[in-house]
Amino acid sequence: MLTTHQKQLIQQTIPVLKANGEALTNYFYHRMLSQVPELKETFNMGHQRDGKQAKALANAVLAYAENIEDPSVLLPVVNMICQKHVSLNIQAPDYAVVGDHLLHSISEVLSVPMEDELINAWAIAYHQLSDLMIETEKGMYTQLAQEKGGWTGWREFTIVKKVSEATSVSSIYLAPTDKLALPDYLPGQYISVRVQVPSLGYKQPRQYSLSTAPNGQFFRITVKEENLSQEPGYVSSALHQQMQIGDRIEVSAPIGDFIIHDATKDNVLISAGIGITPMMAMLEGLTQTLTSSSPSAINFIHVTQDAAHYALSAEVNRLTEQHSYIKTLIHYSQAPATQRCGRFTLESVPASLLPEDADFYLCGPTGFIQSVYKGLLQRGISSSRIHYEVFTTGGLASA
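Fair warning: this is a prediction, and the values are worked out from it, not measured in the lab.

Before going further, it helps to examine the packing of aromatic side chains. A full pass over the atoms with the stated rule returns ten aromatic pairs. With a centroid separation of 5.2 Å and an interplanar angle of 55 degrees, the aromatic rings of Tyr173 and Phe218 are classed as tilted. A residue pair is termed long-range when its members are at least 10 positions apart, and Tyr173 in strand 2 (residues 169–176) and Phe218 in the loop between strand 4 (202–209) and strand 5 (219–224) qualify at 45 residues. An aromatic cluster is defined as three or more aromatic residues linked by ring pairs; in this entry it consists of Trp151, Phe157, Tyr185 and Phe219. Over the ring of Trp151 we find Arg155; its NZ or CZ atom is 4.7 Å from the centre of that ring. Between Arg206 and the ring centre of Tyr208, over which it is positioned, the NZ or CZ distance is 5.8 Å.

Our focus in this paragraph is unusual backbone geometry. A positive phi angle, near 60 degrees, is found at Asn89, a position not held by glycine. In this fold, Asn89 is placed in the loop between helix 5 (75–87) and helix 6 (92–109). Positive phi, normally seen in glycine, also occurs at Leu312, with a value near 65 degrees. With respect to the helices, strands and loops of the structure, Leu312 is situated in the loop between strand 10 (298–304) and helix 10 (313–322).

For the protein, mean pLDDT is 91; residues scoring 70 or higher make up 95% of the total. Every residue in residues 393–399 is under pLDDT 50, and counting partners more than four places away or in other chains gives 26 contacts.

Our next topic: the packing of helix 4 (residues 52–66) against helix 7 (residues 117–146). Their axes nearest at 12 Å, the elements helix 4 and helix 7 cross at an angle of 105 degrees. Here helix 7 runs roughly perpendicular to helix 4, going by the angle between their axes. Where helix 4 abuts helix 7, its residues Val61, Tyr64 and Ala65 lie against Trp122, Ala125, Gln128 and Leu129. Here the contact of helix 4 with helix 7 is composed, by residue class, of six nonpolar, one polar and no charged.

For helix 1 (residues 4–12), the full list of buried residues reads Gln6, Leu9 and Ile10. Down the axis of helix 1, the smallest arc covering the buried residues is 95 degrees, so these residues share one side. Exposed and oriented more than 90 degrees from the buried face of helix 1 are Thr4 and Gln12. Next to the buried residues of helix 1 lie helix 2 (14–35), helix 4 and helix 7.

Moving on to the pairing of strand 9 (residues 267–272). The buried count for strand 9 comes to six of six residues, which makes it a mostly enclosed element. Burial along strand 9 is two-sided: Asn267, Leu269 and Ser271 and Val268, Ile270 and Ala272, pointing in opposite directions, are all buried. Taken together, the five bridges between strand 9 and strand 12 (residues 359–364) define a ladder with parallel strand orientation. In the strand pairing of strand 12, Asn267 is matched with Asp359.

Take the pattern of salt bridges next. Per the counting criterion, the structure on display carries nine salt bridges. Between Glu156 and Arg248 there is a salt bridge whose closest N-O contact spans 3.2 Å. Of the two residues, Glu156 is situated in strand 1 (residues 155–166) and Arg248 in strand 8 (residues 248–251); the sequence distance between them amounts to 92 residues. Residue class for Glu156 comes out partly exposed when judged on its relative accessible area of 38%. Looking at Arg248, the relative accessible area reads 53%, which means it is exposed. Between Arg194 and Glu250 there is a salt bridge, with its nearest N and O atoms 2.7 Å apart. Taken together, the residues span a long stretch of sequence, with Arg194 in strand 3 (residues 190–197) and Glu250 in strand 8 at a distance of 56 residues.

Now for the pairing of strand 12. The buried count for strand 12 comes to six of six residues, which makes it a mostly enclosed element. Because side chains alternate across strand 12, one face comprises the buried residues Asp359, Tyr361 and Cys363, and the other comprises Phe360, Leu362 and Gly364, equally buried. Bridge count between strand 12 and strand 13 (residues 386–390): five bridges; the pairing is parallel. Note on strand 13: the bridge partner recorded for Leu362 is Tyr388. A crossover connection joins strand 12 to the parallel strand 13 through helix 11 (residues 366–378); in handedness this β-α-β unit is right-handed.

As a further point, take the sheet that holds strand 9. Read from one edge to the other, the open sheet built from five strands follows the order 11-10-9-12-13, with strand pairing classed as parallel. Of all strands in the sheet, those with a lone pairing partner are strand 11 (326–332) and strand 13, marking the two edges. Within this sheet the neighbouring strands show an average axis-to-axis angle of 10 degrees, counted without direction. Examined bridge by bridge, strand 9 and strand 10 share six bridges and lie parallel to one another. Along strand 10, the bridge assignment pairs Ser271 with His302. Each of strand 9, strand 10, strand 12 and strand 13 touches helix 11; the most contacted strand, strand 12, lies at about 160 degrees to it.

The rules behind each value
Residues numbered from 1 in each chain as written. Predicted model: local features only at pLDDT ≥ 70, side-chain atom pairs only at ≥ 80, totals over all residues. Heavy atoms only, no water. Phe/Tyr/Trp six-rings, centres within 6.5 Å; stacked < 30°, edge-to-face > 60°. Helix = DSSP H or I, 4+ residues; strand = E, 2+ residues; numbered from the N terminus. Lys NZ or Arg CZ within 6 Å of the ring centre and 35° of its normal. pLDDT = per-residue confidence, 0-100. Contact = heavy atoms within 4.5 Å. Axes fitted to C-alpha atoms, helices over the stretch in contact; angles between N-to-C directions. Parallel < 35°, antiparallel > 145°, perpendicular 65-115°, else oblique. Nonpolar A, V, L, I, M, F, W, Y, C, P; charged D, E, K, R; others polar. Buried < 20%, exposed > 50% of the residue type's maximum accessible area, 1.4 Å probe, protein only. Arc of directions from axis to C-beta. Pairing = 2+ DSSP bridges. Salt bridge = Lys/Arg side-chain N within 4 Å of Asp/Glu carboxyl O. Right-handed = clockwise from strand over helix to strand, strands pointing away.

Structural data, given as structure tokens:
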């Protein structure tokens, strides 16, 4: 356990972390991945390239230092990160490798000897946190292994179908190569896929929401081909350009807690862009739960650039036609002159689609989530009834 003095030492590094946190974590990743290159198949190198992984880790280290007196306030974030780790098959020995390089990075960047009491304090703090995460992940691995059709680690799947859904968006259908059972995952959950990236010469993982409700036969991910700073996304480009029907890829078991909490009440699904993917699974899942006489309603609100960029539109239309309790609002941010919609705000949504007693689910880019979340709070919606998943390169927890 940390002593009061050791906690004070860690707290004294807060100003340094605020000023130089990203420089420290960039140094850490470069140090670790150059000395342990096999970890490049665990860490997403696209997130390394755009700096989001270093920034996410810097924020995590800073948050831990700021809450060193009571780290329990970070448990929701820790749980989310643990889910990401399990999805990437990170194991207990990996923590020792990361810890060693992190401590040496702190020592080298801050010019503090490894024997210094500050490094010792951070070592104890890191081991406390890693022990908590290892134990949490152990429980998650056990649960996944015990589920009917479940597994841990990587399992080989075969691409059985590819469908173009919209501009730069395709659905990839994946069936288990071993033809054994699949788990009944919860709509809204995600998987990791790991593919060989020719331009890198090694495998890369990426996490994608499942875009359909469980069916026992296949998984489906709906992937936008990323092009960031004129550089293609490693995994998305491989899935779009290189991977074909019959090719095999590695897949982790579904996980995540961005799921419907109560199907018996009104639920409002609000998404933007490729953030529609978990919402599609949720929408389909809810229709399998509700009946035409159900008092509950589903309000589906989606924001997209234009009709050409509206992925999965045919499925949304089909479900809306089949189920009268689904109400939809599709907002085009760049519509033709006769249909100008412009920037989306909650003020443009009819009040009937935003019932005060509903649960709200948000998915899309960071700025979109922040704007809608704030707008819902201003309408008196309790934060406990607002659930969200941020869709950007790197996601919420890319460290």
